[in-house]
Amino acid sequence: MSKLTAAITAVGSYVPDFVMTNKILETLVDTNDEWITTRTGIKERRILKGKGLGTSYLAIKAAEQLLEKRKLDPKEIDLIIVATATPDMMVAATAAYVGSEIGATNAFAYDLQAACSSFLYGMSTAASYIESGRYKKVLLIGADKMSSIIDYTDRTTCIIFGDGAGAALFEPNNEGLGLQDEYLRSDGVGRNFLKMDAGGSLLPASEETVKNRQHFIYQDGKSVFKFAVTNMADSAAKIMERNNLSHKDVDWLIPHQANKRIIDATSNRMGLDDSKVMMNIQRYGNTTSATLPLLLSDYESQLKKGDNLVFAAFGGGFTWGSIYLKWAYNS
Ligand code: UT7
């Protein structure tokens, strides 16, 4: 009997309507379109406007699109994982609310947080449940409302991030398609380079933390950049080597969308032509947990059954890694 593998069998996505262009950012902070474009590759990002709308709003929209496209009864879903760095609340799993709202009444649900690597790690988790034979349908959603933790007076971070969500359904496959291999790592040395200081157990919210703007993201961009370039490229190269994949065998690189220069360094290291590199950073910026599934959704029509996909991501913590997956369907 062939080994049970975990394949992605459907995807969905959602980005909010409001487009925050580089021009708009020029009116908020001392920056300019040329700097942002050449240093990051970003031209615009989406922002979720409206009172009372959190990350769950984005996640629900992405999940609903997937269910509609696949004509899937939500009652068939066994497990929902919401990969996010910006849950609706610190306590009360966002995934549980998302599950109820989409009608997944037979599912259990929880959140998974590994900063910008949340979705990548979530792929490993979702696949393991399927490979074990324990569950048949796992819905993994990557969603972040980054605008809720961005300081729009800080030009070093506000130009980078945006809001969005993407969803992927994992199901058993007996043709050997789906997740093939993974190389995942983390290193706490990164904790001080990319973080939100307050609001957690280490430094609970207080008048002082609000005054000190400690509920916003802080990033030492240069240091994170160095680690990201090295580790994303190394892990993707390692996955290729371990699976005897040459640049000719790789059909697509699906890289975390943090900075076009990091993406270019990774694809160069892999020897890949630009035509094989998924990219939408110019339109969405860095949507943290949503970058990978947003790419899958945007490029779905170009993907063919059997295509070799290499995912790579790097995020706060530090967290990073690479996954090799064989695409399982033609859309
Ligand atoms: O997704 C999670 C992981 N995150 C990442 O992978 C992000 C990694 N880091 C980066 O992508 C880049 O470091 C940034 C895009 C954040 C910054 O780019 P950089 O090329 O590393 O710029 P820098 O921080 O070295 O700053 C260069 C100059 C500085 O001016 P001086 O000191 O040379 O006069 C900054 O003050 O650019 C200045 N600067 C800006 N200028 C215009 C910083 N931000 C801006 C800005 N507009 N928004």
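Just so it is clear, the structure is predicted and the values come from calculations on it, not from any experiment. (Residues numbered from 1 in each chain as written. Predicted model: local features only at pLDDT ≥ 70, side-chain atom pairs only at ≥ 80, totals over all residues. Heavy atoms only, no water.)

1. Some points on the overall build of the protein chain
Scanning the protein chain from N- to C-terminus turns up ten helices and 13 strands. Relative to the compact-globule value of 20 Å for 331 residues, the protein chain shows a C-alpha radius of gyration of 19 Å, a close match. In terms of overall dimensions, the protein chain has C-alpha extents of about 60 × 45 × 35 Å along its principal axes. Buried positions account for 53% of the 331 residues belonging to the protein chain. (Helix = DSSP H or I, 4+ residues; strand = E, 2+ residues; numbered from the N terminus. Rg over C-alpha atoms; globule rule 2.2 N^0.38 Å. Buried < 20%, exposed > 50% of the residue type's maximum accessible area, 1.4 Å probe, protein only.)

2. Some words on the site of the ligand
Around the ligand sit 23 residues in total, of which Thr31, Arg39, Lys222, Asn259 and Asn286 are the nearest. Measuring from an oxygen atom of the ligand, one finds a side-chain N or O atom of Asn259 at 2.7 Å. Within the contact set of the ligand, an oxygen atom lies 2.7 Å away from a side-chain nitrogen or oxygen of Asn286. Protein chains bury 75% of the 950 Å² of accessible surface belonging to the ligand in isolation. The cavity where the ligand resides is the second largest pocket. (Near = heavy atom within 4 Å. Polar contact = N/O pair within 3.5 Å; in protein donor to acceptor, adjacent residues only side chain to side chain. Areas by Shrake-Rupley, 256 points an atom, 1.4 Å probe, with all protein chains shown as cover. 1 Å grid on protein atoms, 1.4 Å probe; cavity = no way out; pocket = protein on both sides within 12 Å on 5 of 7 lines; lining within 4 Å. Sits in = over half its atoms within 2 Å of the grid points.)

3. Looking at the environment of Val210
Structurally, Val210 can be placed in helix H6 (residues 207–211). You can call Val210 exposed: its relative accessible area is 58%. Between the C-alpha atom of Val210 and that of Met278, which follows or precedes it by 68 residues, the distance is 38 Å.

4. Regarding the packing of helix H3 (residues 55–70) against helix H4 (residues 94–102)
Packing of H3 against H4 leaves a shortest axis separation of 10 Å and a crossing angle of 45 degrees. One element, H3, and the other, H4, form an angle in the oblique class. In the crossing of H3 with H4, the sense of the turn from one axis to the other is right-handed. Two secondary-structure elements touch here, H3 through Ser56, Ala59, Ile60, Ala63, Glu64 and Leu67 and H4 through Thr94, Tyr97, Val98, Glu101 and Ile102. A per-class count over the contact of H3 with H4 returns seven nonpolar, two polar and two charged. (Axes fitted to C-alpha atoms, helices over the stretch in contact; angles between N-to-C directions. Parallel < 35°, antiparallel > 145°, perpendicular 65-115°, else oblique. Left-handed = near helix turned anticlockwise from the far one by under 90°. Contact = heavy atoms within 4.5 Å. Nonpolar A, V, L, I, M, F, W, Y, C, P; charged D, E, K, R; others polar.)

5. Notes on helix H10 (residues 291–299)
For H10, the tally of buried residues reaches eight of nine residues, placing the bulk of the element in the interior. Burial in H10 covers these residues: Thr291, Leu292, Pro293, Leu294, Leu295, Leu296, Ser297 and Tyr299.

6. Description of the nonpolar core
Taken as a class, soluble globular proteins show a tendency for nonpolar side chains to be buried jointly. Of all hydrophobic cores here, the largest spans 74 residues; its most connected members are Phe170, Leu309, Phe311, Leu325 and Trp327. Of the residues forming this core, the biggest block, eight residues, is contributed by helix H5 (residues 118–131). Per-domain counts for this core show at least three residues from each of domain 1 (5–176) and domain 2 (180–326). If near-sequence neighbours (up to four positions away) are discounted, Phe311 is found in contact with Leu120, Met123, Ile254, Leu292, Leu296, Gly321, Ser322, Ile323 and Leu325. (Core = buried A, V, L, I, M, F, W, Y, C linked by side-chain atoms within 4.5 Å. Domains from an automatic or database assignment.)

7. Section: the pattern of salt bridges
Tallied over the full model, the rule gives 15 salt bridges. Note that Lys43 is salt-bridged to Asp33, the shortest N-O span being 3.1 Å. Here Asp33 lies in helix H2 (residues 33–40) and Lys43 lies in the loop between H2 and strand E3 (44–47), a separation of ten residues in the sequence. A relative accessible area of 22% means that Asp33 is categorised as partly exposed. Lys137 serves as the salt-bridge partner of Glu171, at 2.9 Å between the closest nitrogen and oxygen. Pair noted here: Glu171 is in strand E7 (residues 163–173) and Lys137 is in the loop between H5 and strand E6 (138–145), with a separation of 34 residues, a long-range link. Looking at Lys137, the relative accessible area reads 12%, which means it is buried. (Salt bridge = Lys/Arg side-chain N within 4 Å of Asp/Glu carboxyl O.)

8. So, the side chain of Arg46
Along the chain, the position of Arg46 falls in strand E3. One buried charged residue, Arg46, remains without a salt bridge, the closest side chain of opposite sign being Glu44 at 4.9 Å. In this structure the side chain of Arg46 is engaged in a polar contact, spanning 2.9 Å, whose partner is the backbone oxygen of Pro16. Here Arg46 is in contact with Val15, Pro16, Asp17, Phe18, Val19, Gly162, Asp163, Arg283 and Tyr284, once residues within four sequence places are set aside. (Lys, Arg positive; Asp, Glu negative; His and termini not counted.)

9. Considerations on the domain arrangement of the protein chain
Annotation of the protein chain at the domain level lists domain 1 (5–176) and domain 2 (180–326). A straight line from the C-alpha centre of domain 1 to that of domain 2 covers 14 Å. Counting from both sides, the interface comprises 51 residues of domain 1 and, opposite them, 47 residues of domain 2. Across the interface of domain 1 and domain 2, roughly 3700 Å² is buried in total on both sides, 61% from carbon and sulfur atoms. Remark: the boundary between domain 1 and domain 2 carries three salt bridges. Between Lys69 and Glu300 there is a salt bridge, with its nearest N and O atoms 2.7 Å apart. If you list the elements that add at least two residues to the side of domain 1 that touches domain 2, you get strand E1 (5–14), H2, E3, H3, H5, E6 and E7. Tallying contributions element by element places H5 first for the side of domain 1 that touches domain 2, with six residues. When grouped by side-chain class, the residues that make up the side of domain 1 that touches domain 2 number 23 nonpolar, 17 polar and eleven charged. (Buried area = accessible area lost by both parts, 1.4 Å probe.)

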